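Given next are the chains, with one letter for each unit.
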Amino acid sequence: MSSNILVLNSGSSSLKFAIIEPAEETTLVSGLVDRIGQDSATIKIKFADKDSVTTPYPKADHHQALLKVLDQINADGGDLTLAGIGHRVVHGGEFFRQSVTITPTVLAQIKACNHLAPLHNPANVVGIDAISEELPDLPQVAVFDTAFHQSIPAHAFTYALPNELYKKHSLRRYGFHGTSHRYVTMEAAKRLDKPVAQVNLVTAHLGNGCSATAVHLGKSVDTSMGLTPLEGLVMGTRCGDVDPGLLLHLIDSQGYSPDELNKMLNKESGLLGISGLSNDMRTLLHAETEGDRQAALAISVFCYRLAKTIAGLAVSAHPLDALVFTGGIGENASLIRQRVCQQLALLGISIDPSVNKLHGKDHSGVISDSQSKLPVLVIPTNEELLIAKDTLALVSSVAQ
Ligand code: ADP
């Protein structure tokens with residue numbers, strides 16, 4: 001029997017996919033349908049050991065895009081014998097503490113979380129529905145971005161707002177990037193030679209979206225993102241924490257509408273907003289070397305806020321075993337790691353600059369020096385692999 005898993009991440013205008021053999025940890029096929037619904041939509045497919053191939057696929061909807069992907073994999077000789085499908089689902093609310101096999105009840109609960117993630121959950125549901133129609137005999141599993149954070153205690157997830165807002169409308173901190181934080185927690189435990197259930201960490205996932213998590217005894221006990229992925233750290237285009245009074249001011253004095261605020265806070269802020277140049281850390285680091293002062297300021301704000309958040313989360317992860325960097329910036333931007341760690345002297349952290357420079361996707365491991373009170377680790381994340389592993393585990397337990 002095949003143990004290959006199709007992993008799907010169905011976004012509002014994109015469909016990321018991969019076929020993974022979880023036990024061997026090999027990715028057989030991966031790809032992306034981008035700009036779904038638009039004239040410029042494309043399908044990019046990469047088979048292991050081959051170059052990726054990109055073809056136009058204008059105006060398709062999600063369902064058609066999925067069919068095309070399956071056809072294309074088939075036509076190119078890919079193995080479509082699958083044990084199951086694992087879906088990344090953004091919001092599981094308080095329903096899900098772990099990954100689950102999708103049943104009609106589960107699907108209804110996912111839909112009940114739509115109001116908490118209106119951009120993401122409906123798109124995830126479209127992916128689940130399309131598979132139910134096209135591959136009805138295969139089991140489907142939902143792996144939630146929020147599930148790892150369901151262990152966060154009430155004192156860390158409660159906003160200091162009237163309690164009715166939580167009771168009636170479920171407004172609380174949920175946290176995101178849970179699959180990534182869980183994956184690097186498991187990997188860090190291996191590298192520290194400790195059981196996961198004994199490991200205390202702060203994990204920093206720094207991609208276009210950024211979040212940091214306190215892990216105590218292997219469980220998430222606090223995280224920087226909140227009800228939505230807007231809270232916390234400075235991100236590519238999202239503002240992270242701001243004074244809520246500032247929003248009231250924009251509404252009252254500047255006449256901002258909800259849509260305008262939404263666009264400004266999510267799409268025009270963060271690194272892009274401060275620099276006025278780009279949301280991309282590579283571009284900003286380069287611009288800084290050319291004397292761009294706003295790019296330099298954006299990087300400084302990013303690093304300072306990250307250091308401050310990590311120090312705060314260390315309270316919940318005490319006694320800390322390690323600090324972990326992951327995500328595109330965390331894995332590749334050695335200068336950012338260096339600047340953040342320099343500001344974390346209170347944790348007794350010091351890194352080895354030459355080893356730090358070596359690290360990237362292909363050089364993971366310890367970047368702290370022998371003086372450091374705490375190991376600092378760089379661990380490439382692999383959310384797809386964890387989704388495939390969870391899916392296979394659930395599918396196998398049902399099959400037995
Ligand atoms: P996503 O959240 O979309 O998955 P990624 O995890 O790929 O994003 O991270 C994207 C970020 O990583 C971008 O800001 C990009 O500039 C940054 N990044 C990638 N490679 C490097 C590098 N070599 N140096 C600095 N930043 C990098």
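Refer to the structure presented above.
Fair warning: this is a prediction, and the values are worked out from it, not measured in the lab. (Residues numbered from 1 in each chain as written. Predicted model: local features only at pLDDT ≥ 70, side-chain atom pairs only at ≥ 80, totals over all residues. Heavy atoms only, no water.)

**Structural notes on the overall build of the chain**
Which entries qualify depends on this criterion: Every helix listed is a DSSP run of H or I at least four residues long, and every strand listed is a run of E at least two residues long, numbered separately from the N terminus. Two things to know: the radius of gyration comes from C-alpha atoms, and the globule rule equals 2.2 Å times the number of residues to the power 0.38. Contacts: residue pairs with any heavy atoms within 4.5 Å of one another. For accessible areas, the Shrake-Rupley method is used with a probe of radius 1.4 Å. Any residue's cover is judged against the shown protein chains and nothing else.
In terms of regular secondary structure, the chain is built from 15 helices and 14 strands. Radius of gyration (C-alpha) of the chain: 21 Å, near the 21 Å computed for a compact globule of 400 residues. Seen through its principal axes, the chain has C-alpha atoms that stretch 55 × 55 × 45 Å. Across the chain, every contact between residues at least 6 apart in sequence was considered, and the portion connecting residues at least 24 apart equals 61%. Counting only carbon and sulfur atoms, one obtains 53% of the accessible surface of the chain, whose full area is about 18,600 Å².

**Quick notes on the site of the ligand**
Basically, it comes down to this: Throughout this document, a residue counts as near a molecule or strand when at least one of its heavy atoms sits within 4 Å of that molecule or strand. As used in this structure description, the phrase polar contact means that two N or O atoms lie within 3.5 Å; if the pair is within protein, one of them must be able to donate a hydrogen and the other to accept it, and residues adjacent in sequence are counted only when both atoms belong to side chains.
Surveying the vicinity of the ligand reveals 13 residues, the closest of which are Asn 208, Asp 280, Met 281, Arg 282 and Gly 328. A distance of 3.2 Å separates an oxygen atom of the ligand from a polar backbone atom of Arg 282. A distance of 3.3 Å separates an oxygen atom of the ligand from a polar atom in the backbone of Ile 329. Of all the secondary structure elements, the ones that give two or more residues to the shell around the ligand are α10 (281–289) and α12 (327–332). Sorting elements by how many residues they give to the shell around the ligand places α12 first, with four residues.

**Thoughts on the packing of helix α11 (residues 293–314) against helix α13 (residues 334–342)**
Selection criterion: Axes, fitted as lines to C-alpha atoms, cover a helix only where it is in contact. Angles between the N-to-C directions of the axes lie from 0 to 180 degrees. Note on terminology: angles under 35 degrees are roughly parallel, angles over 145 are roughly antiparallel, angles of 65 to 115 are roughly perpendicular, and the others are oblique. Note: crossing handedness is left-handed where the near helix turns anticlockwise from the far helix by less than a right angle, and right-handed where it turns clockwise.
The interhelical angle for the contact between α11 and α13, taken along N-to-C directions, is 50°, at an axis separation of 9 Å. Classified by the angle between their axes, α11 and α13 sit oblique to one another. When the axes of α11 and α13 are compared, the crossing they make is right-handed. Note on element contacts: α13 touches α11 through Ile 336, Arg 339 and Val 340, opposite Ile 299, Phe 302, Cys 303, Leu 306, Ala 307 and Ile 310.

**Concerning α13**
Since there are 3.6 residues in each turn of an α-helix, residues three or four apart along the chain are aligned in direction. Applied cut-off: Type-normalised accessible area, obtained with a 1.4 Å probe on protein chains alone, sets the label of each residue: buried when under 20%, exposed when over 50%, and partly exposed for intermediate values. This arc describes the spread of directions from the helix axis toward the C-beta atoms.
Within α13 the residues assigned to the buried category are Ser 334, Ile 336, Arg 337, Val 340 and Cys 341. Buried positions in α13, seen along its axis, are confined to an arc of 160° and lie on one side of it. As for α13, its buried residues are in contact with α10, α11, β12 (322–326), α12, α14 (353–358) and β14 (376–378).

**Concerning unusual backbone geometry**
Omega for the bond connecting His 318 with Pro 319 falls within 30 degrees of zero, at -10°, which places this linkage in the cis form. Within the element layout of this structure, Pro 319 appears in the loop between α11 and β12. Despite not being glycine, Asp 193 shows a phi value in the positive range, around 60°. Structurally, Asp 193 is set in the loop between α6 (178–192) and β9 (201–206).

**Focus on the packing of aromatic side chains**
Which entries qualify depends on this criterion: Any two of the Phe, Tyr and Trp rings considered here, Trp counted by its six-membered ring, make a pair once their centres fall within 6.5 Å; the pair's planes then place it as stacked at under 30 degrees, edge-to-face at over 60, or tilted in between.
Counting across every chain of the model gives three aromatic pairs. Centre to centre, the rings of Phe 95 and Phe 96 are 6.0 Å apart; their planes meet at 50°, and the pair counts as tilted. For Phe 96, a relative accessible area of 4% translates into the label buried. With a centroid separation of 5.7 Å and 50° between ring planes, the pair formed by Phe 157 and Tyr 166 is classed as tilted. Residue classification places Phe 157 among the buried positions, given a relative accessible area of 11%.

**Concerning the sheet that holds strand β1 (residues 5–10)**
Convention followed: A strand pair is defined by DSSP finding two or more bridges across the two strands.
Spatially, β5-β4-β3-β2-β1-β6-β8-β7 is the arrangement adopted by the eight strands of the open sheet, whose pairing is mixed. Looking at strand neighbours, the two that pair on one side only are β5 (53–56) and β7 (100–101), the edges of this open sheet. For strand β4 (residues 42–47) and β5, the ladder comprises four bridges, and the chain directions are antiparallel. Note on β5: the bridge partner recorded for Lys 44 is Thr 54. Sheet strands touched by helix α1 (residues 62–75): β1, β2 (15–21), β3 (26–34) and β4. Its angle to β4, the strand with the most contacts, is close to 35°.

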